Amino acid sequence: MQTFLPCPTFGRSAAALDTRRLGKQRVETLQVLRALVWPEYGWKRHPAVVMWRGFTPALVSYGVAVCDEWRRRGHRDGVRAVLLDYHGGREPTWSWCLEEGLLPPWLGDAELHRSHQSSLIRKEPEHYAPLFPGVPDDLPYVWPGPSYPEEVPETPGLVAWRLDLPPLPDEHLPPAPPLDHRPGPSVARVPTEADLEAMRSEAEDPRQVRFFRRGQPLPAPTGRFTLQVGSSDEVPERSSAEVSIRWGRRSTKG
């Protein structure tokens, strides 16, 4: 199980994949979503699942980018709508996730993306070696650890974490062909009522904790939340992306 991210953005990653692997990524994304959300499902401790924990909108956005690229290559797709069920039927675009601070902190980690490039070269060198020249084919996977804290501060507002990381680029992709609305593929089993309730709850989660990078503006406070911005020199345990989460006295705005 894997979500291939040879590039820092979802659209570029999808465009780099060979067609066979691109098609399989649609189902693998759905499997990771089920492992994250459904109460009873396998793979919950798989590192490909752990790295996405807390970032369901971003994972749906990745899956949508994969499905859209699949359709641009002339294939029919019925998975996209199934993915959107994990976000209340709404499409979480890359631009929206970026603006709202909903993208994982490990995106842009050069070692992570290079490890995915290496794995892809190992799997199909004819396709990937020209795309990623100079990358060896024997690098191990870099698996990010959990990015969310075990405890979230008790506050009615949005907790905005400033990351000492370069900003990610925005991404504007060409439109994909119209949807064909065919049912998605059968993967393992039909959701139970408990699964559906978990999906509804996940879709309604306001994502209290957000991640913002150097130079990235915070969303303007609205009546829905109050921004809580923290800063100090304390750095807790880091993920493989070398993310610095800085705590201290919070200031309330709005």
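Residues numbered from 1 in each chain as written. Predicted model: local features only at pLDDT ≥ 70, side-chain atom pairs only at ≥ 80, totals over all residues. Heavy atoms only, no water.

In the nomenclature of an unreviewed UniProt entry, the protein is known as MSMEG_6728 family protein of Saccharothrix lopnurensis.

Enquirer: Would you mind going over the pattern of salt bridges with me for this structure?
Expert: Oppositely charged side chains are able to pair whenever their charged atoms sit close together. One pass over the structure, following the stated rule, counts 14 salt bridges. Close ionic contact of Glu 91 with Arg 80 constitutes a salt bridge, the shortest N to O distance being 3.0 Å. In this pair, Glu 91 is assigned in the loop between α5 (80-84) and α6 (94-99) and Arg 80 in helix α5, connecting sequence segments 11 residues apart. Among the residues examined, Glu 91 registers a relative accessible area of 39% and is labelled partly exposed. The salt bridge partner of Asp 205 is Arg 207, with a shortest N-O separation of 3.8 Å. Judged by its relative accessible area of 8%, Arg 207 is buried. A single salt-bridge network, built from bridges that share partners, covers Asp 68, Arg 71, Arg 80 and Glu 91. (Salt bridge = Lys/Arg side-chain N within 4 Å of Asp/Glu carboxyl O. Helix = DSSP H or I, 4+ residues; strand = E, 2+ residues; numbered from the N terminus. Buried < 20%, exposed > 50% of the residue type's maximum accessible area, 1.4 Å probe, protein only.)

Enquirer: Quick question: what am I supposed to make of empty space enclosed by the protein here?
Expert: A water-sized probe rolled over the atoms picks out the places where empty space is left. One pass over the full model with this rule turns up two cavities of 30 Å³ or more. Considering only enclosed or pocket space, the largest cavity measures out at about 60 Å³ in volume. Taken together, Cys 97, Leu 98, Gly 101, Leu 102, Leu 103, Pro 104, Pro 105, Leu 163, Leu 168, Phe 211, Arg 213 and Gln 216 make up the full set of residues lining the largest cavity. By residue class, the composition of the lining of the largest cavity is nine nonpolar, two polar and one charged. (1 Å grid on protein atoms, 1.4 Å probe; cavity = no way out; pocket = protein on both sides within 12 Å on 5 of 7 lines; lining within 4 Å. Points joined across faces, edges and corners; volume = space filled by probe spheres on them. Nonpolar A, V, L, I, M, F, W, Y, C, P; charged D, E, K, R; others polar.)

Enquirer: Honestly, the side chain of His 116 in this entry has me stumped. Any pointers?
Expert: Tracing the backbone shows His 116 in helix α7 (residues 110-123). Relative accessible area serves as the criterion here: at 0%, His 116 is assigned to the buried category. Every residue in contact with His 116, bar those within four places of it in the chain, is listed here: Gln 2, Thr 3, Phe 4, Leu 5, Pro 6, Tyr 141 and Val 142. (Contact = heavy atoms within 4.5 Å.)

Enquirer: Honestly, the environment of Ser 61 in this entry has me stumped. Any pointers?
Expert: Here Ser 61 is to be found in helix α4 (residues 56-72). Distance in space between the C-alpha atoms of Ser 61 and Thr 93 is 5.7 Å, their sequence separation being 32 residues. Excluding residues within four positions of it along the chain, Ser 61 makes contact with Phe 10, Pro 92, Thr 93, Trp 94 and Cys 97.

Enquirer: Looking at this structure, how should I read α4?
Expert: Taking 1.5 Å per residue as the helical rise, α4 with its 17 residues ought to reach 24 Å, and the 24 Å between its terminal C-alpha atoms agrees with that figure. Taken across its 17 residues, α4 has 16 buried, putting it largely inside the fold. (Expected span 1.5 Å × (residues − 1).)

Enquirer: Can you help me understand the layout of surface pockets in this one?
Expert: Put simply, the second largest pocket is a space of about 230 Å³. For the second largest pocket, the lining is made up of 17 residues, of which Asp 68, Glu 91, Thr 93, Trp 94 and Leu 173 are closest to its centre. Of all the elements in the fold, those that place two or more residues in the lining of the second largest pocket are α1 (10-16), α4 and α6. A per-element tally of the lining of the second largest pocket places α4 first, with five residues. Taken together, the residues of the lining of the second largest pocket break down into nine nonpolar, four polar and four charged.

Enquirer: What am I meant to see in the pairing of strand β1 (residues 158-162) here?
Expert: A regular strand places its side chains on the two faces of the sheet in alternate fashion. In terms of burial, β1 is a largely internal element, four of the five residues being buried. When β1 meets strand β2 (residues 209-212), the two strands line up parallel, connected through four bridges. Looking across to β2, one finds that Ala 160 is bridged to Arg 210. (Pairing = 2+ DSSP bridges.)

Enquirer: Which parts of the structure should I look at to understand the packing of aromatic side chains?
Expert: Each pair of aromatic rings is reported with the distance of its centres and the angle of its planes. Per the counting criterion, the structure on display carries 10 aromatic pairs. Each ring, one from Phe 10 and one from Trp 52, has its centre 6.2 Å from the other, and the planes form 50°; the classification is tilted. Remark: Trp 52 occurs in the loop between α3 (47-50) and α4 and Phe 10 occurs in helix α1; sequence separation between them is 42 residues. Residue class for Trp 52 comes out buried when judged on its relative accessible area of 0%. Their ring planes at 80° and their centres at 5.7 Å tell us that Phe 10 and Tyr 62 sit as a pair that is edge-to-face. With a gap of 52 residues between them, Phe 10 in helix α1 and Tyr 62 in helix α4 connect regions that are remote in the sequence. On the accessibility criterion, Phe 10 (1% relative accessible area) is buried. Among the aromatic side chains, those forming a connected cluster through ring pairs are Phe 10, Trp 52, Tyr 62, Trp 94 and Trp 106. (Phe/Tyr/Trp six-rings, centres within 6.5 Å; stacked < 30°, edge-to-face > 60°.)

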